[in-house]
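# Architecture and fold: a report
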Amino acid sequence: IMLLLNGSVFMPSVLTLIGIPGLQSVQCWIGIPFCVMYVIAVIGNSLILGIIRYERSLHKPMYIFLAMLGATDIALSTCILPKMLGIFWFHLPEISFAACLLQMWLIHSFQAIESGILLAMALDRYVAICDPLRHTTIFSQQLLTHIGVGVTLRAAILTVPSIMLIKCRLKLYRTTVISHSYCEHMAVVKLAIEDVRINKIYGLFVAFSILGFDIIFITLSYVQIFLTVFQLPQKEARFKAFNTCIAHICVFLQFYLLAFFSFFTHRFGSHIPPYVHILLSNLYLLVPPFLNPIVYGVKTKQIRDHVLKMFLPKKP
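Residues numbered from 1 in each chain as written. Predicted model: local features only at pLDDT ≥ 70, side-chain atom pairs only at ≥ 80, totals over all residues. Heavy atoms only, no water.

### Digging into the packing of aromatic side chains
We count it as follows: Between rings of Phe, Tyr and Trp, where Trp is taken as its six-membered ring, a pair exists when centres lie within 6.5 Å; planes separated by under 30 degrees are stacked, by over 60 edge-to-face, and by other angles tilted. The secondary structure listing takes helices from DSSP runs of H or I that are at least 4 residues long and strands from runs of E that are at least 2 residues long, numbered from the N terminus. Under the scheme applied here, a residue whose accessible area is under 20% of the maximum for its type counts as buried, over 50% as exposed, and between as partly exposed, the area being computed with a 1.4 Å probe on protein chains only.
Enumeration over the complete set of coordinates arrives at 12 aromatic pairs. Geometrically, the ring pair formed by F65 and F139 is edge-to-face, given 6.2 Å between the ring centres and 85° between the ring planes. You can see F65 sitting in helix α2 (residues 61–90) and its partner F139 sitting in the loop between α4 (135–138) and α5 (141–169), a full 74 residues away along the chain. Residue class for F139 comes out buried when judged on its relative accessible area of 8%.

Here is the structure:
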């Protein structure tokens, strides 16, 4: 039950997502490229998952991590896009408070899982290039399982308190209208009348403890990889080793550059128009799932060969 107290709302049961503030008149058109990106993301990542699942020669750490990334990308984009298209195309902006918190938790959890998988992929390439003789021993099936469980638990456990802090601490809201196209942590926190410093501090802590930790170790891994590659005597060996990392570096850069740009503009870019914030946040969640299968499909020979084999008829 919603009670109005001096214009504020006590424990709202329903929230309203307005989409992209300032661009409501053209949201139906913005939804078209977003939908195309989502369809390509789902098809591309499903294709990679199917190839890795049924091709036994690809049951190696590098491709297993790629399959984990593909599954996470499908889940992440599915958390955001169906509801977003409901707002853009069918004028269905309402979302229950519980569903909003669930969407928030899923989105931030899958973002953290994706970051953890990118770290695992960087460490896999580091061992494969810098200590190739021990690669098979180190990256055993048991370790891969532990990594998968570990990055999932880390994400779920670290993001739960931010949801609980909203649910348990914030009772009075100045409005139930969220100036966003999905339930983002800061967008919901800013609706509250109470002191939200703890919520903001914990949000920053999670962002830097996950993204900050991962990006430091990924950067260190690639610095060491490049030092090792440039010391190889043969030019062909250097090129081959460097080429195996190109796809990872492209995915790593587009994920973290978009993440930090969106993160800092949302918190510190008060002079930037709201629609820029929201578009950046949307692109941050939709571009990586869309680009990842394209990057890996083009740059990874084994994946590319299997895709061509599926779609091009065999010569008689």
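Continuing now.
### What to know about the state of the cysteines
We apply this condition: Sulfur atoms of two cysteines make up a disulfide when they are within 2.5 Å.
Using the criterion set out here, one finds 1 disulfide in the structure. Here C100 is linked by a disulfide to C183, with a sulfur-sulfur distance of 2.0 Å. The sign of the -120° torsion about the S-S bond sets the C100-C183 disulfide as left-handed. Linking C100 in helix α3 (residues 97–130) with C183 in the loop between β6 (177–178) and α6 (185–189), this pair joins segments that are 83 residues apart in sequence. The pair C100 / C183 is uniform in exposure class, with both members buried. Left unpaired, C35 is separated from the closest cysteine sulfur, that of C28, by 13 Å. Of the cysteine sulfurs around C168, a residue in no disulfide, the closest is that of C100, at 16 Å.

### Considerations on the confidence of the model for the protein
Formally: A score between 0 and 100, pLDDT records how confident the predictor is in each residue.
In the predicted model, the protein carries a mean pLDDT of 88, and the fraction of residues at 70 or more is 95%. Mean pLDDT across the secondary structure elements of the protein bottoms out at strand β1 (residues 3–5), with 52, and peaks at strand β4 (residues 94–96), with 95.

### Quick look at empty space enclosed by the protein
Which parts of space are left empty comes out when a probe the size of a water molecule is rolled across the atoms. Stated formally: Here a cavity is any set of points on a 1 Å grid over the protein atoms alone where a 1.4 Å probe fits but cannot get out, and a pocket is any open set with protein on both sides within 12 Å along at least 5 of 7 lines; a residue lines the site when it has an atom within 4 Å of a point. Grid points are joined across faces, edges and corners, and a volume is the space filled by probe spheres set on the points. Residues are grouped as follows: Ala, Val, Leu, Ile, Met, Phe, Trp, Tyr, Cys and Pro are nonpolar; Asp, Glu, Lys and Arg are charged; every other residue, Gly included, is polar.
Taken as a whole and judged by the stated rule, the model has 3 cavities of 30 Å³ or more. Of the volumes computed, that of the second largest cavity is approximately 40 Å³. Lining of the second largest cavity is provided by L118, M121, A122, I218, Y222, H248, F252 and Y296. Of all the secondary-structure elements, those providing two or more residues to the lining of the second largest cavity are α3, α7 (197–230) and α8 (235–268). The element that contributes the greatest number of residues to the lining of the second largest cavity is α3, accounting for 3 residues. When the residues that make up the lining of the second largest cavity are grouped by side-chain class, the tally is 7 nonpolar, 1 polar and no charged.

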